[in-house]
2 protein chains.
Amino acid sequence: MEEKEISQAVIGRLPRYFRYLGELKDEGIERISSQDLSELMKVTASQIRQDFNNFGGFGQQGYGYNVEYLYNEIGNILGLNRRHNFIIIGAGNLGQALGNYINFERRGFIFKGIFDANPKLAGREVRGVKVMPMEKLGQFMRDNDIDIAVLTIPKAGAVEVAEKLVQNGVRAIWNFAHVDLNVPQGIQVENVHLSDSLMKLSYNISRYMKEQDATLKA
Amino acid sequence: MEEKEISQAVIGRLPRYFRYLGELKDEGIERISSQDLSELMKVTASQIRQDFNNFGGFGQQGYGYNVEYLYNEIGNILGLNRRHNFIIIGAGNLGQALGNYINFERRGFIFKGIFDANPKLAGREVRGVKVMPMEKLGQFMRDNDIDIAVLTIPKAGAVEVAEKLVQNGVRAIWNFAHVDLNVPQGIQVENVHLSDSLMKLSYNISRYMKEQDATLKA
DNA sequence: AAAAGTTTGTCAATGAATTGACAGGATATT
DNA sequence: AATATCCTGTCAATTCATTGACAAACTTTT
């Protein structure tokens, strides 16, 4: 039973498929062909078939794909059939924003606790959960079966906190701190570097402006 | 003077180079070889040289790269030498968090205004800027030379708002709404789909768990 | 029940990105 | 000043990702 490795390029596209299929399902659409989906999503039909086929034959010749079935299958592939308890480290604006984001719960991500090093914030509530001081982190993680930690603290403290999270059995870190974490093999890290994203935007603005200049001169 | 197109794969790596070089600069380090940088950043030296060389010969044989020079050059390539005024649409938790994030200013992104459709929020302040109602959007954009709009509203209204932004001359949209925007050619869109990112994390947790199971059985 | 039309899964071809290798030019050492 | 060492820029090789093409299988129409 040899599982072949799926490339991260493919994984990165799955959430978008999942989203479109969810919308189709909500519209009551039962079936869709790779051709129609490709027009909707603006990608090639070949890529869609290739992607889905990494996980098995979900479609049927002459019919296409059953929307609801495919939606559920992709959800399972993404692990959305499991529940994951998560905590947030850093009760600043961003930490609070993520704690208040209710949609994560719908996908099985359960907001369990929020921590902050600043004692002034202790006791403050985010969606019914009291902000706790960092001293309580270890005990809380062990008592509450925490899989995922969301790191929304400044870069200075992030590496140290990440170590503590690993010591207490975290499986994955969703890292919003602007620093690369160095964790042991087997701990998953997903970085969200907002300023990197903004710089890419900045680059593309500049590039377009230069392109325009060049075109006008020519 | 033919500018060759740089792949987005390369662009996506520039902010990370920029960050590491900034740190080296702050540590007072004057020069670095692709070899040393590759060990620090955990990428191949070949890739580093290849990447930098897209923009011209920044290095010198036998010496390496001058840290400060390279840092500045990459900053310029990313367009960080220009200033961009931005507004935020959606004064919820996330919108406020981004408005309060001071570091963007350091890179030339100036927070000018924030809007929300909910009249209850009007008048509330985010970093000295009053939340304005959507009716004022058009006039404000024209009066304040707005380049970038940050979209932190629910998906339902996002497409419509994006159109309005385009009508009022926005150059780029930093899109946090969970929907694909369809804008005219020449308007830059950078998506930050947080739930997609979380799903990738979820996939990688599941994959690792399955891997573990398989290894134990074998 | 046969014919026409649809659409997948897959193989092969193409294209893009990454890595490896090394000549040549600069620096550092003796 | 000569020699050894270092390190870039670039070409070639390799690996990875995307696209194109089509036989086979199913659905729909006649």
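K.L.:
Please explain the overall build of chain A as it appears in this structure.
P.N.:
When helices and strands are counted, chain A shows 9 helices and 10 strands. Against the 2.2 N^0.38 benchmark of 17 Å for 218 residues, chain A shows a C-alpha radius of gyration of 21 Å, more extended than a compact globule. Each principal axis of the C-alpha atoms in chain A carries an extent, and together these give about 60 × 60 × 35 Å. Buried residues in chain A amount to 50% of all 218 residues.

K.L.:
Help me understand the packing of aromatic side chains in this model?
P.N.:
Aromatic ring pairs are described here by two measures, namely the spacing of the ring centres and the angle between the planes. All names here are of chain A. Evaluated as defined, the whole model comprises 18 aromatic pairs over all chains. In this structure an aromatic cluster arises from ring pairing among Tyr101, Phe104, Trp174 and Phe176. Of note, arginine 31 hangs over the ring of tyrosine 63, and the distance from its end group to the ring centre comes to 4.4 Å.

K.L.:
Where do I start with the protein's contact with DNA strand D in this structure?
P.N.:
Looking at DNA strand D, there are 26 residues lining it, with A:Gln50, A:Gln61, B:Ser34, B:Arg49 and B:Asn53 nearest. Sugar and phosphate atoms constitute 62% of the interface atoms of DNA strand D, taking the interface as everything within 4 Å of the protein. Separating a sugar or linking oxygen of DNA strand D from a side-chain N or O atom of A:Gln61 is a distance of 2.8 Å. One of the side-chain nitrogen or oxygen atoms of B:Asn53 is found 2.5 Å away from a phosphate oxygen of DNA strand D. Secondary-structure elements contributing two or more residues to the surface near DNA strand D are helix 3 (45-53) of chain A together with helix 3 (45-53), strand 2 (59-60) and strand 3 (64-66) of chain B. Of the residues assigned to the surface near DNA strand D, the class counts are 3 nonpolar, 18 polar and 5 charged.

K.L.:
Help me understand the environment of A:Gly56, please; the structure alone is not making it clear to me.
P.N.:
Relative to the elements of secondary structure, A:Gly56 occurs in the loop between helix 3 and strand 2 (59-60). Sequence-wise, A:Gly56 and A:Glu135 are 79 residues apart; in three dimensions their C-alpha atoms are separated by 47 Å.

K.L.:
Is there a simple way to think about the pairing of strand 5 (residues 109-116) of chain B in this case?
P.N.:
Successive residues of a regular strand alternate their side chains across the two faces of the sheet. All names here are of chain B. Along strand 5, 7 of the 8 residues are buried, which leaves the element largely enclosed by surrounding structure. Where strand 4 (residues 84-89) meets strand 5, 6 bridges bridge the pair, whose relative direction is parallel. Bridge pairing in strand 5 places asparagine 85 opposite isoleucine 110. Bridging between strand 5 and strand 7 (residues 129-133) involves 3 bridges; their strand directions are parallel. Looking across to strand 7, one finds that phenylalanine 115 is bridged to methionine 132.

K.L.:
Sorry, what's going on with the side chain of A:Asp147 here?
P.N.:
All names here are of chain A. Within the element layout of this structure, aspartate 147 appears in strand 8 (residues 146-151). One polar contact links aspartate 147 to histidine 84, side chain to side chain, over a distance of 2.7 Å. Residues contacting aspartate 147, with those up to four places away along its chain left out, are Arg83, His84, Asn85, Val170, Arg171 and Ala172.

K.L.:
Help me out: how do you make sense of the relation of the copies chain A and chain B in this one?
P.N.:
Put simply, the two copies of the chain differ by a rotation about an axis and a shift along that axis. Once turned by 180° and shifted 0.0 Å along the axis, chain A lies on chain B with an RMSD of 0.1 Å. Read as a symmetry element, the transformation amounts to a two-fold axis. Both copies contact each other with a shared surface, as 100% of the interface residues of chain A are interface residues in chain B too.

K.L.:
Honestly, the interface of chain A and chain B in this entry has me stumped. Any pointers?
P.N.:
Buried accessible area, meaning the area lost when the parts come together, often serves as the stated size of an interface. In this assembly, 61 residues from chain A lie in contact with 61 residues from chain B. Buried surface at the junction of chain A and chain B, summed over both partners, amounts to about 5,800 Å²; 60% is from carbon and sulfur atoms. The largest share of the area that chain A buries against chain B comes from A:Arg19, A:Met199 and A:Tyr203, three residues that together contribute 12% of it. Between B:Asp180 and A:Arg19 there is a salt bridge whose closest N-O contact spans 3.4 Å. On the surface where chain A and chain B come into contact, there are 24 residue pairs in polar contact (both at pLDDT 80 or more). Sorting elements by how many residues they give to the side of chain A that touches chain B places helix 9 (residues 194-217) of chain A first, with 17 residues.

K.L.:
Mind showing me how you'd approach the packing of helix 1 (residues 8-26) of chain B against helix 2 (residues 34-41) of chain B here?
P.N.:
The packing of two helices is summarised by the inter-axis angle and the distance between the axes. Residue and element names in this part refer to chain B. Running from N to C, helix 1 and helix 2 point in directions that differ by 105°, and their axes come no closer than 12 Å. Relative to helix 2, helix 1 is oriented roughly perpendicular. Note on element contacts: helix 2 touches helix 1 through Leu37, Leu40 and Met41, opposite Arg16, Tyr17, Tyr20 and Leu24. Partitioned by chemical class, the residues of the contact of helix 1 with helix 2 number 6 nonpolar, no polar and 1 charged.

K.L.:
Just checking my understanding: could you explain the protein's contact with DNA strand C for this structure?
P.N.:
Taken together, 25 residues lie near DNA strand C, and A:Ser34, A:Asn53, B:Arg13, B:Gln50 and B:Gln61 sit nearest. Restricting attention to atoms of DNA strand C within 4 Å of the protein, one finds that 59% of them are sugar or phosphate atoms. In the model, a base nitrogen of DNA strand C is placed 2.9 Å from a nitrogen or oxygen of the B:Ser46 side chain. Residue B:Arg49 places a side-chain N or O atom 3.2 Å away from a base nitrogen belonging to DNA strand C. Contributions of two or more residues to the surface near DNA strand C are made by helix 3, strand 2 and strand 3 (64-66) of chain A together with helix 3 of chain B. At 4 residues, helix 3 of chain B tops the list of elements feeding residues into the surface near DNA strand C. When its residues are assigned to classes, the surface near DNA strand C shows 3 nonpolar, 18 polar and 4 charged.

K.L.:
Looking at this structure, I do not really get the sheet that holds strand 2 of chain A. What am I missing?
P.N.:
Residues and elements named next belong to chain A. Strands sit in the order 1-3-2 across an open sheet of 3 strands; the sheet is antiparallel. Looking along the sheet, the strands with just one partner apiece sit at the ends: strand 1 (31-32) and strand 2. As judged from the 2 bridges shared by strand 1 and strand 3, these two strands associate in the antiparallel manner. Note on strand 3: the bridge partner recorded for arginine 31 is asparagine 66.

The rules behind each value
- Residues numbered from 1 in each chain as written.
- Chains lettered and ligands numbered in written order.
- Predicted model: local features only at pLDDT ≥ 70, side-chain atom pairs only at ≥ 80, totals over all residues.
- Heavy atoms only, no water.
- Helix = DSSP H or I, 4+ residues; strand = E, 2+ residues; numbered from the N terminus.
- Rg over C-alpha atoms; globule rule 2.2 N^0.38 Å.
- Buried < 20%, exposed > 50% of the residue type's maximum accessible area, 1.4 Å probe, protein only.
- Phe/Tyr/Trp six-rings, centres within 6.5 Å; stacked < 30°, edge-to-face > 60°.
- Lys NZ or Arg CZ within 6 Å of the ring centre and 35° of its normal.
- Near = heavy atom within 4 Å.
- Polar contact = N/O pair within 3.5 Å; in protein donor to acceptor, adjacent residues only side chain to side chain.
- Nonpolar A, V, L, I, M, F, W, Y, C, P; charged D, E, K, R; others polar.
- Pairing = 2+ DSSP bridges.
- Contact = heavy atoms within 4.5 Å.
- Least-squares fit on C-alpha atoms with pLDDT ≥ 70 in both.
- Buried area = accessible area lost by both parts, 1.4 Å probe.
- Salt bridge = Lys/Arg side-chain N within 4 Å of Asp/Glu carboxyl O.
- Axes fitted to C-alpha atoms, helices over the stretch in contact; angles between N-to-C directions.
- Parallel < 35°, antiparallel > 145°, perpendicular 65-115°, else oblique.

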